[in-house]
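Remarks on the overall topology
Okay, here's what each chain looks like letter by letter:
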Amino acid sequence: MTKQKLCDILILRKGDITMAEKDNTTYIWQDRKRTIFGLPLSFTVYKLTEEKLYIETGFLSKKEEEIRLYRIMDLTLIRPLGQRIFGVGTIHCCTADKS
């Protein structure tokens, strides 16, 4: 990866609305899964574009899931007291699939 590409990748925090570019894909938002005390200590990365949500998991063995936003039927936000203190929460997405 070139130095210019590294400069183009932005890790967006809560409240940021700027966009990042990586491999000609414009991301509206991207962040890592936050576990203990709201710290990003996992190997899960979430990326959102205008049309899709990407979920990348794993360290040595990588897995990438792609969810088209028009298939999302229901969203649930769960924020117990511990998660609210650290400014995080759990979003549960229910999607429809043709198969």
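The preceding data block contains the structure.
Notes on the structure follow.

1. Focus: the side chain of K52
As for its placement among the helices and strands, K52 is situated in strand β5 (residues 52–57). The buried category is assigned to K52, whose relative accessible area is 16%. Excluding residues that lie within four positions of it along the chain, K52 makes contacts with K47, E66, I67, R68 and L69.

2. Remarks on the pairing of β5
Of all the six residues making up β5, five are buried; the element is thus mostly covered by neighbouring parts of the structure. In terms of strand pairing, strand β4 (residues 44–48) meets β5 through five bridges, oriented antiparallel. Note that in β5 the partner of K47 across the bridge is Y54. When β5 meets strand β6 (residues 63–68), the two strands line up antiparallel, connected through six bridges. Residue pairing in the sheet places T57 in a bridge with K63 of β6. Joining the antiparallel neighbours β5 and β6 is a turn of five residues, in which G58 adopts a positive phi near 105°.

3. Digging into the packing of aromatic side chains
Using the criterion set out here, one finds one aromatic pair in the structure. On the basis of an interplanar angle of 40° and a centroid distance of 4.8 Å, the ring pair of F43 and F59 is categorised as tilted. Remark: F59 occurs in the loop between β5 and β6 and F43 occurs in the loop between β3 (29–32) and β4; sequence separation between them is 16 residues. In this structure F43 comes out as partly exposed when scored by relative accessible area, which is 46%. The exposure class assigned to F59 is exposed, which follows from its relative accessible area of 57%.

4. A few points about the side chain of S42
Among the structural elements, S42 can be located in the loop between β3 and β4. At 3.2 Å, the side chain of S42 forms a polar contact with the backbone oxygen of K33. Apart from the residues within four sequence positions on either side, S42 is in contact with R32, K33 and T35.

Parameters and conventions
- Residues numbered from 1 in each chain as written.
- Predicted model: local features only at pLDDT ≥ 70, side-chain atom pairs only at ≥ 80, totals over all residues.
- Heavy atoms only, no water.
- Helix = DSSP H or I, 4+ residues; strand = E, 2+ residues; numbered from the N terminus.
- Buried < 20%, exposed > 50% of the residue type's maximum accessible area, 1.4 Å probe, protein only.
- Contact = heavy atoms within 4.5 Å.
- Pairing = 2+ DSSP bridges.
- Phe/Tyr/Trp six-rings, centres within 6.5 Å; stacked < 30°, edge-to-face > 60°.
- Polar contact = N/O pair within 3.5 Å; in protein donor to acceptor, adjacent residues only side chain to side chain.

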